Amino acid sequence: MSADAAVALGTKPAVTLADIRAAAERIKGAVIRTPTLENPAVSRAAGTRVMLKLDNLQATGAFKERGAANRLALLTAREKAAGVIAMSAGNHAQAVARHAQLAGVAATIVMPRFTPATKVVRTEFWGARVVLFGESLAEAASHAHELALREGLTFIHPYDDPAVIAGQGTMALEMLEDAPQIEVLAIPVGGGGLCSGVATALAELRPGMPVFGVEVEGYPAMAQRLAGQPVSVGGPTIAEGIAVRDVGEKAVAILRNLGVEVLLVPERAVEQAVALLAEGAKVVAEGAGAVGLAAVLTHPDRFKGRVVGTTVCGGNIDARALSNVLLRQLLRDGRILRLHFDIPDRPGVLADISKRISDVGGNVIEVKHQQLFGAPTVQSTELHLMVEVRDAAQGDAIIAASEAGGYVVRRG
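Small disclaimer: the values here were computed from a predicted structure and weren't measured.

### Let's talk about helix α14 (residues 287-298)
Most of α14 sits out of view: 11 of its 12 residues are buried. For α14, every residue scored as buried is listed here: G287, A288, G289, A290, V291, G292, L293, A294, A295, V296 and L297.

### Concerning the pattern of salt bridges
Enumeration according to the criterion identifies 22 salt bridges in this entry. With its nearest N and O atoms 2.7 Å apart, the salt bridge here joins R245 to D246. The exposure class assigned to D246 is partly exposed, which follows from its relative accessible area of 42%. The partner of E271 in a salt bridge is R332, and the shortest N-O contact between them spans 2.9 Å. Here R332 lies in helix α16 (residues 319-332) and E271 lies in helix α13 (residues 267-280), a separation of 61 residues in the sequence. Taking the relative accessible area as the measure of exposure, E271 reaches 9% and is therefore buried. Linked through salt bridges whose partners overlap, the residues forming this network are K53, D55, R66 and E174.

### A word on the nonpolar core
Membership of the largest hydrophobic core comes to 41 residues, with the highest contact counts inside it found for V42, L52, L277 and F303. Taken together, the elements giving at least two residues each to this core come down to α3 (40-46), β2 (50-53), β7 (184-188), β8 (211-216), β9 (261-265), α13, α14 and α16. The element best represented in this core is α14, accounting for 8 residues.

### Examining the environment of I182
With respect to the helices, strands and loops of the structure, I182 is situated in the loop between α9 (162-178) and β7. You can call I182 buried: its relative accessible area is 2%. For the pair I182 and A45, spaced 137 residues apart in sequence, the C-alpha to C-alpha distance is 18 Å. The residues contacting I182, other than those within four sequence positions of it, are M51, M175, L176, R206, M209, V307 and G309.

### A look at the pairing of strand β11 (residues 336-344)
Here β11 pairs with strand β13 (residues 380-388) via 9 bridges, running antiparallel. Residue H340 lies in a different strand from β13, and its bridge partner there is H384. Pairing of β11 with strand β14 (residues 409-411), which is carried by 3 bridges, proceeds in the antiparallel orientation. Bridge pairing in β14 places F341 opposite V409.

### Description of the packing of aromatic side chains
Across all of its chains, the model carries 3 aromatic pairs by this definition. With a centroid separation of 5.0 Å and an interplanar angle of 80 degrees, the aromatic rings of F125 and W126 are classed as edge-to-face. Note on W126: relative accessible area 16%, which makes it buried. Arranged with centres 5.4 Å apart and planes meeting at 70 degrees, the rings of F212 and F303 form a pair that is edge-to-face. Placement of F212 in strand β8 and of F303 in helix α15 (residues 300-303) is noted, with a sequence separation of 91 residues between them. Considered together, F212 and F303 belong to a single accessibility category, that of buried residues. Directly above the aromatic system of W126 lies the positively charged group of R98, at a separation of 5.5 Å from the ring centroid. For R113, the ring lying beneath its charged end belongs to F133, and the centroid distance is 5.7 Å.

### Comments concerning the side chain of Q168
If you trace the backbone, Q168 turns up in helix α9. A distance of 2.8 Å separates the side chain of Q168 from the backbone nitrogen of G67, its partner in a polar contact.

Rules behind the numbers
- Residues numbered from 1 in each chain as written.
- Predicted model: local features only at pLDDT ≥ 70, side-chain atom pairs only at ≥ 80, totals over all residues.
- Heavy atoms only, no water.
- Buried < 20%, exposed > 50% of the residue type's maximum accessible area, 1.4 Å probe, protein only.
- Helix = DSSP H or I, 4+ residues; strand = E, 2+ residues; numbered from the N terminus.
- Salt bridge = Lys/Arg side-chain N within 4 Å of Asp/Glu carboxyl O.
- Core = buried A, V, L, I, M, F, W, Y, C linked by side-chain atoms within 4.5 Å.
- Contact = heavy atoms within 4.5 Å.
- Pairing = 2+ DSSP bridges.
- Phe/Tyr/Trp six-rings, centres within 6.5 Å; stacked < 30°, edge-to-face > 60°.
- Lys NZ or Arg CZ within 6 Å of the ring centre and 35° of its normal.
- Polar contact = N/O pair within 3.5 Å; in protein donor to acceptor, adjacent residues only side chain to side chain.

Below, the structure is given as structure tokens:
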């Protein structure tokens, strides 16, 4: 439903294109106007043209700055003097802290006790007072509201605030200006602020253009709400930035009115998208920032033959997590082999196997040689190798060369 249609029915939409355009003017200069670019490797892997909106390049590494900057710009003089408060364990915390500092406003951020120390330090870097409270996001949110009442602070909601939604919607304006050839959008959904803002802008700028929200399979809260189902979420996920149970009521209403469909993606597809962005596009994305691309990879029938726009909406991924994702993807692609041998315990066997691998072009990167435990007899030993190869075909050639030497080889 467009803004005009809503007015005709006697209702005022929570957010309009005019609100989003006004937000774009307010945050100009405070928020980076990030590029929208096509990467050949990503488009080739997706089987269709993909335009990437690189909001991981924001100063805090995520799109949340847009909504935070717009909401803070709308504070009254009294609200500025009193200060603001927010609850977040991640990107919203840093966004509010940064833009409060730029505006000369005192900021308090309530974070759950389990929040990684690096996120606490980053938030404090922007001058915020960090309060660690509760064992869950819900407990931290409740405490933030209590502090807001007690200290007279303005609560800055991460997604269920019209000004925040309008700020996030500015991303759509930039994407269509920089890449007008876009024909369909895939937008990550956590609380729903980003997707509802983008969908609102598109409804008036490009009526009829499909906008798909994207959630990870373990946290389909928005999809369940839109379908009128009870919310059931949970489990570990690499897309922790959108792993929410409680979505925004305003976002639900906007997405329902606009007929936005939410697609679900599996964990494996999110890891694949993170790895593809890192290796193919040289772009670092957190799990939540890669789910839009994951949707294109998972649901090719929805996007084939059309120019797809999606956002890399965050790049704040833990270095160890990124390393694990890249290694797991190399294993899945067959570019790292785990090989197991039961070999005779005599001199020269290990050297012979190594030569057979090197002759085919493989590179042994890890060796485990177990003589005392696990071997079937005292005359044999277990050999475990990790081998780097160009592709699956070269891996098959290495196994064939080993078997030609009379060795029994098992893939790990």
